[in-house]
Amino acid sequence: MEEYLKLFVASAITNNMVLTQFLGLCIFFGVSKNLNASIGMGMAVTSVMTISTLLAWAVYNYVLHPLGLEVLMLITFVVLIAGLVQLLEMVIKKHAPALYNMWGIYLVLIATNCVVIAVPITNAESHNGFMTSFVLAIGSGVGFALALILMASLREKLQYADVPKSLQGLGISFILAGMLALSFFGFSGMITL
Amino acid sequence: MSTPILILIVLTSLGLLFGFLLAYSNKKFSIEVNPLIHIVEDVLPKGQCGACGFAGCMAYAEAVVLNPDVAPNLCTPGKDAVAKLVAELTGKAAAPMEPQIAQVQCAGTHDKAKKSYAYSGVEDCVAANLLFGGPKSCKYGCLGLGTCVKSCPFDAMVMSPDGLPIIDPEKCTSCGKCVSVCPKQVISLMPIGARVRVNCNSKDKGAVAKKACSVACIGCSLCMRQCPYEAIQMVNNLAIVDAKICEEKCSDALCLSKCPTKAIRPFVTGIVPGTENEESMAIACASCAK
């Protein structure tokens, strides 16, 4: 149990996908303009990441690995995630229209994002077991949501700041992201797996 | 079994599996969409310009059908005809809309507006504007690099050889796309029935404006004093005409007579203001560009 807790904290904070591994920056800057949108996006990424990781784990361990087809890992995962997101969109649209209105637009964006595919690949490459994969996926998702929400709150505050003209918009956001990443680097070494 | 065949089998079965799964769930999880939405969408012009305030024609169709508070006449490109049809389809009362046209508030052609430097960068007004506000000495005027022409979803704009865009009154739907892309905010929408217009956007003081461009509004307020109906106001050294008062009350346009730089002129469409005598040339040019 302690091992999983450590893994969760490590994947959410010390090895944060966005701020220490620099994955998923497109969403990180695109959807961090307001807090509500970033919360929705964070939840959507976490859930898609978890479900697709489990599916990818099953496919890798029961189909690709036994047949010796590890080369097909990348293309299979891409197909899996894209298909899954489509399916998820339909199901949510039908059964939870309120949730769809909140998430719907983000779901399609996630289908082709590198953060979502990074977790299954990490799991496959280090031959993680089912539970480990599951915890890693949830941890990475929560870490991504955390980074997104932090960034969105900062950028909302930023609107009241007197930013020099040449840095307005994306410029100051990049600087901010750099500082945020720097502070997350302070956690590195606290947990070693 | 050899690897290529295995790859073929695995990928094919994966593709088929997902294909059938998606096709099946598309049927199973399909939602009844109000068919009226598609009918309304077919009526709309599909320029996807967003002038209605929604994300596109489909979004507007959905909103106007489902939400009783959304007015049927928000589609500016569609004008009255579309507003009427949409109102009929949705059972809402149609409010008449006044036809408008986009107009460039600048007459600073190559020979009239001075340049402070020669620009040879990207052919785009936004890019040029980043470089000290563009090559023209006047910091308010049209840059003439045609960002608006490229943005027009209805092909209603053509760049004239004089360096100002010409707007085709037949094609302009007053969607406001050009208004929003112009980095100088020199394009505005005005009622098609307007009588006069001020072809200048310069908020500089008279002497500065005149130095940069020979047809600038110098803010002398002579036109304002001529107008008996108080339709003209001076705001930031620039004459602003209230087209509504003009249209309703005025018949002889006294304001035109005294302007020292001829910045205020009769409202004409389809040509660059100040090049009226070259009218035929401008039209010929517009037609070859098509």
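Residues numbered from 1 in each chain as written. Chains lettered and ligands numbered in written order. Predicted model: local features only at pLDDT ≥ 70, side-chain atom pairs only at ≥ 80, totals over all residues. Heavy atoms only, no water.

Asker: Give a description of the overall build of chain B that names residues and reports values.
Answerer: Assigned secondary structure in chain B consists of twelve helices and eight strands. Residues counted as buried form 43% of the 290 residues belonging to chain B. By sequence separation, contacts in chain B at least 24 residues apart represent 57% of the contacts at least 6 residues apart. (Helix = DSSP H or I, 4+ residues; strand = E, 2+ residues; numbered from the N terminus. Buried < 20%, exposed > 50% of the residue type's maximum accessible area, 1.4 Å probe, protein only. Contact = heavy atoms within 4.5 Å.)

Asker: Quick rundown of the environment of Lys244 of chain B? Include the residues and the values.
Answerer: Residue and element names in this part refer to chain B. When you line up the elements, Lys244 lands in helix α10 (residues 243–249). Take Lys244: its relative accessible area is 54%, and that puts it in the exposed class. Considered as a pair, Lys244 and Ala194 are 50 residues apart in the sequence and their alpha carbons are 7.5 Å apart.

Asker: Which residues make up the interface of chain A and chain B, and what values do they have?
Answerer: Across the contact, 19 residues belong to chain A and 15 residues belong to chain B. Both sides of the chain A and chain B interface together cover about 1400 Å² of buried area, and 89% of this is carbon and sulfur. The interface formed by chain A and chain B includes zero salt bridges. Seen at the junction of chain A and chain B, the total is zero residue pairs in polar contact (both at pLDDT 80 or more). Elements with a minimum of two residues in the side of chain A that touches chain B: α3 (35–67) and α4 (73–95) of chain A. The greatest single-element share of the side of chain A that touches chain B, amounting to 13 residues, is contributed by α4 of chain A. Along the lines of polarity and charge, the residues of the side of chain A that touches chain B split into 13 nonpolar, four polar and two charged. (Buried area = accessible area lost by both parts, 1.4 Å probe. Salt bridge = Lys/Arg side-chain N within 4 Å of Asp/Glu carboxyl O. Polar contact = N/O pair within 3.5 Å; in protein donor to acceptor, adjacent residues only side chain to side chain. Nonpolar A, V, L, I, M, F, W, Y, C, P; charged D, E, K, R; others polar.)

Asker: Requested: an account of the nonpolar core, with residues and values cited.
Answerer: Counting 55 residues, the largest nonpolar core has Leu19, Phe28, Met41, Phe77 and Ile110 of chain A as its most contacted members. Broken down by secondary-structure element, the contributors of at least two residues to this core are α2 (25–30), α3, α4, α5 (97–110), α6 (114–125), α7 (130–158) and α8 (170–185) of chain A together with α1 (3–28) of chain B. The element that contributes the greatest number of residues to this core is α3 of chain A, accounting for ten residues. When neighbours within four sequence positions are excluded, Phe77 of chain A is seen to be in contact with Ala56, Tyr60, Ile117, Pro120, Ile121 and Ala124 of chain A. (Core = buried A, V, L, I, M, F, W, Y, C linked by side-chain atoms within 4.5 Å.)

Asker: Let's hear about the pairing of strand β1 (residues 100–104) of chain B: which residues, and what values?
Answerer: Residue and element names in this part refer to chain B. Burial within β1 is extensive, with four of its five residues counted as buried. The sheet contact formed by β1 and strand β4 (residues 187–191) spans five bridges and is antiparallel. Each residue of the ladder has a partner; that of Ala102, found in β4, is Leu189. (Pairing = 2+ DSSP bridges.)

Asker: Quick one: what's the story with unusual backbone geometry, residue by residue and with numbers?
Answerer: The backbone of His127 of chain A sits at a positive phi, close to 50°, despite the residue not being glycine. Among the residues examined, His127 of chain A registers a relative accessible area of 54% and is labelled exposed. For Phe132 of chain B, which is not glycine, the phi dihedral falls at a positive 55°. By secondary structure assignment, the location of Phe132 of chain B is in the loop between α5 (125–130) and α6 (147–151).

Asker: Before we move on, could you go through α1 of chain B and cite the residues and values that matter?
Answerer: Residues spaced three or four apart along an α-helix face the same direction, because each turn holds 3.6 residues. Relative to the 38 Å expected for 26 residues at 1.5 Å per residue, α1 of chain B spans 37 Å between its end C-alpha atoms, a close match to the ideal helical length. The secondary structure elements touched by the buried residues of α1 of chain B are α3 and α4 of chain A. (Expected span 1.5 Å × (residues − 1).)

Asker: Give me the confidence of the model for chain A: which residues, what numbers.
Answerer: Looking at chain A, pLDDT values average 86 and 97% of them are 70 or higher. Looking across chain A, the model is least confident in α5 of chain A, with a mean pLDDT of 73, and most confident in α7 of chain A, with 92. (pLDDT = per-residue confidence, 0-100.)

Asker: Go over the pairing of strand β7 (residues 238–241) of chain B with me, naming the residues and quoting the values.
Answerer: Residues and elements named next belong to chain B. Two strands pair when backbone bridges link them, and strand β6 (residues 232–235) and β7 are joined in this way by four bridges, in the antiparallel orientation. Among the inter-strand pairings, Val235 is bridged to a residue of β7, identified as Leu238. Counting the residues between successive antiparallel strands, the hairpin from β6 to β7 contains two residues, one of them, Asn236, with a positive phi of roughly 50°.

Asker: Report on the environment of His38 of chain B, specifying residues and quantitative values.
Answerer: Residue and element names in this part refer to chain B. Topologically, His38 is positioned in helix α2 (residues 35–43). Taking C-alpha positions, His38 is 7.5 Å from Ala61, a pair spaced 23 residues apart along the chain. Discounting residues that sit within four places of it in the chain, His38 has contacts with Val33 and Met58.

Asker: Give me the lowdown on the packing of aromatic side chains, citing residues and values where you can.
Answerer: All names here are of chain A. The tally for this structure, following the rule as stated, stands at five aromatic pairs over all chains. An angle of 85° between the planes, with centres 4.7 Å apart, marks the rings of Phe29 and Phe174 as edge-to-face. Taken together, the residues Phe29 in helix α2 and Phe174 in helix α8 connect sequence positions 145 residues apart. On the basis of relative accessibility, which here comes to 46%, the residue Phe174 falls in the partly exposed class. Here the aromatic rings of Trp57 and Tyr62 are separated by 6.1 Å at their centres, their planes lie at 85°, and the arrangement is edge-to-face. With a relative accessible area of 16%, Trp57 lands in the buried category. Judged by its relative accessible area of 62%, Tyr62 is exposed. Connected via pairs of aromatic rings, a cluster forms that spans Phe28, Phe29 and Phe174. (Phe/Tyr/Trp six-rings, centres within 6.5 Å; stacked < 30°, edge-to-face > 60°.)

Asker: Could you give an account of the environment of Phe154 of chain B, with specific residues and numbers?
Answerer: Mapped onto the elements, Phe154 of chain B comes out in the loop between α6 and β2 (157–159). Placed 77 residues apart in sequence, Phe154 of chain B and Pro77 of chain B show a C-alpha to C-alpha distance of 9.1 Å.

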